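Each chain, letter by letter, is given below.
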Amino acid sequence: MPFSLRSLIGDIGAGLAGLLYPALCLGCERRLAADGPPAALCASCLRGLPRPEPDAARALLGAAPVEAAVALWAFDAGGAVQRVQHALKYGGRPSLGVPLGRLLGRALRAGGAGGADLVVPVPLSPTRLLERGYNQAAALADGVADALGAEVAPDLLARTRATQRQATLARPARVANVEGAFALRAGADVAGRRVLLVDDVLTTGATAAAAARTLAEGGAAVSVGALALA
Ligand SMILES: [Zn+2]
């Protein structure tokens, strides 16, 4: 897992904050039980989060060379899924990624997409990684790999060029923005391997589709797992 001083400081800060302020559920803001679910949500909120239709994630990826795709939750603007996703992505809380990734791993297995040799996060560009200090997809991938008993390969895919933020673009521009933006690390051999690609949110699916295509061109059988489907 990529490691940075910034994420270490974030984790230490979160640890100190936990001593001063009890951890609160990101859904209902009630105090979390020390023996509750380890993903910043109480058991009741965790059960109540919206689920996508079973085939929705795969349908979103269209013609991409993907055998199966599973999203754990349906994105709920302003709701608990969004707060969890923001805490993971922008809140300096990469430590949330592992327990969330374990939940995703269990959903992948339940959805028949749990068979993987390698778990690969969608990489950030080096610039974005410096800005944020960690890759939230890599933190998730660690948890997914743990739940599935698979190997995590955090550096298997690389960004070959800078891309614009997908959120700033309309759908056709998003596809063009990420087309050819990924490459296999030099010397990586994925031929005949089952690779599970992990990202935090699938919005148009363009980023995951482009990354999946790169893996499939290397001979991998690709599945996709995401925390939420927008
Ligand atoms: Zn709650």
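Bear in mind that the values here come from a model prediction, so they are computed numbers and not experimental data.

## Considering the coordination of the zinc ion
Looking at the metal site, the zinc ion is ligated by Cys 25 (SG), Cys 28 (SG), Cys 42 (SG) and Cys 45 (SG), spaced 2.3 Å from it. Classification of the site at the zinc ion as tetrahedral follows from its four donor atoms and the range of 105 to 115 degrees in their angles at the metal. Here the donor residues of the zinc ion share one chain and are spaced in sequence as C-x2-C-x13-C-x2-C. You can see Cys 25 sitting in the loop between α1 (5-20) and α2 (43-48) and its partner Cys 45 sitting in helix α2, a full 20 residues away along the chain. In this structure, Cys 25 and Cys 45 share a single accessibility class: buried.

## Quick word on the pairing of strand β7 (residues 221-229)
With eight of nine residues buried, β7 lies mostly within the body of the structure. As paired strands, strand β1 (residues 68-74) and β7 are joined by six bridges and run parallel to one another. In the strand pairing of β7, Ala 71 is matched with Ala 226. For strand β6 (residues 194-202) and β7, the ladder comprises eight bridges, and the chain directions are parallel. Bridge assignment links Val 198 to a residue of β7, and that residue is Gly 225. Crossover connection from β6 via helix α9 (residues 206-217) to parallel β7: handedness right-handed.

## A look at the UniProt feature "domain: Phosphoribosyltransferase" (unreviewed entry) in the protein chain
Under the UniProt annotation, the feature "domain: Phosphoribosyltransferase" (unreviewed entry) is placed at residues 137-227. As a span, residues 137-227 carries 35% helix and 26% strand, and end to end its C-alpha atoms are 9 Å apart.

## As for the environment of Thr 160
You can see Thr 160 is positioned in the loop between β4 (157-159) and α8 (171-178). Judged by relative accessible area, which is 44%, Thr 160 ranks as partly exposed. Along the primary structure Thr 160 and Gly 62 are separated by 98 residues, whereas in three dimensions their C-alpha atoms are 24 Å apart. When neighbours within four sequence positions are excluded, Thr 160 is seen to be in contact with Gly 180, Ala 181, Phe 182 and Ala 183.

## With respect to the packing of helix α5 (residues 97-110) against helix α7 (residues 136-148)
Relative orientation of the contacting elements α5 and α7 amounts to 50 degrees, with a least axis distance of 6 Å. The angle between α5 and α7 falls in the class oblique. By crossing handedness, the relation of α5 to α7 is classed as right-handed. Across the interface between the two elements, Gly 97, Val 98, Leu 100, Gly 101, Arg 102, Leu 104, Gly 105, Arg 106, Leu 108 and Arg 109 from α5 touch Ala 139, Leu 140, Asp 142, Gly 143, Val 144, Asp 146, Ala 147 and Leu 148 from α7. Considered class by class, the residues forming the contact of α5 with α7 number nine nonpolar, four polar and five charged.

## What about the pattern of salt bridges?
This model, assessed by the stated rule, comprises six salt bridges. Residues Arg 194 and Asp 117 are paired through a salt bridge, measuring 3.1 Å at the closest nitrogen-oxygen approach. Residue Arg 194 is found in strand β6, and its partner Asp 117 is found in the loop between α5 and β2 (118-121); the two are separated by 77 residues along the sequence. One salt bridge connects Glu 131 with Arg 128, and the closest N-O pair in it is separated by 3.9 Å. Within this pair, Glu 131 and its partner Arg 128 are both found in helix α6 (residues 126-132), separated by three residues, close to a single helical turn. Relative accessible area serves as the criterion here: at 18%, Arg 128 is assigned to the buried category. Counted as one network, the salt bridges with shared partners bring together Arg 128, Glu 131 and Arg 165.

Rules used in this analysis
Residues numbered from 1 in each chain as written. Predicted model: local features only at pLDDT ≥ 70, side-chain atom pairs only at ≥ 80, totals over all residues. Heavy atoms only, no water. Donors = N, O, S within 2.8 Å, 3.2 Å for Na, K, Ca; no water. Tetrahedral: all angles 85-135°; square planar, octahedral: opposite > 155°, others 65-115°. Helix = DSSP H or I, 4+ residues; strand = E, 2+ residues; numbered from the N terminus. Buried < 20%, exposed > 50% of the residue type's maximum accessible area, 1.4 Å probe, protein only. Pairing = 2+ DSSP bridges. Right-handed = clockwise from strand over helix to strand, strands pointing away. UniProt positions renumbered as here; feature names shortened; annotations may be inferred. Contact = heavy atoms within 4.5 Å. Axes fitted to C-alpha atoms, helices over the stretch in contact; angles between N-to-C directions. Parallel < 35°, antiparallel > 145°, perpendicular 65-115°, else oblique. Left-handed = near helix turned anticlockwise from the far one by under 90°. Nonpolar A, V, L, I, M, F, W, Y, C, P; charged D, E, K, R; others polar. Salt bridge = Lys/Arg side-chain N within 4 Å of Asp/Glu carboxyl O.

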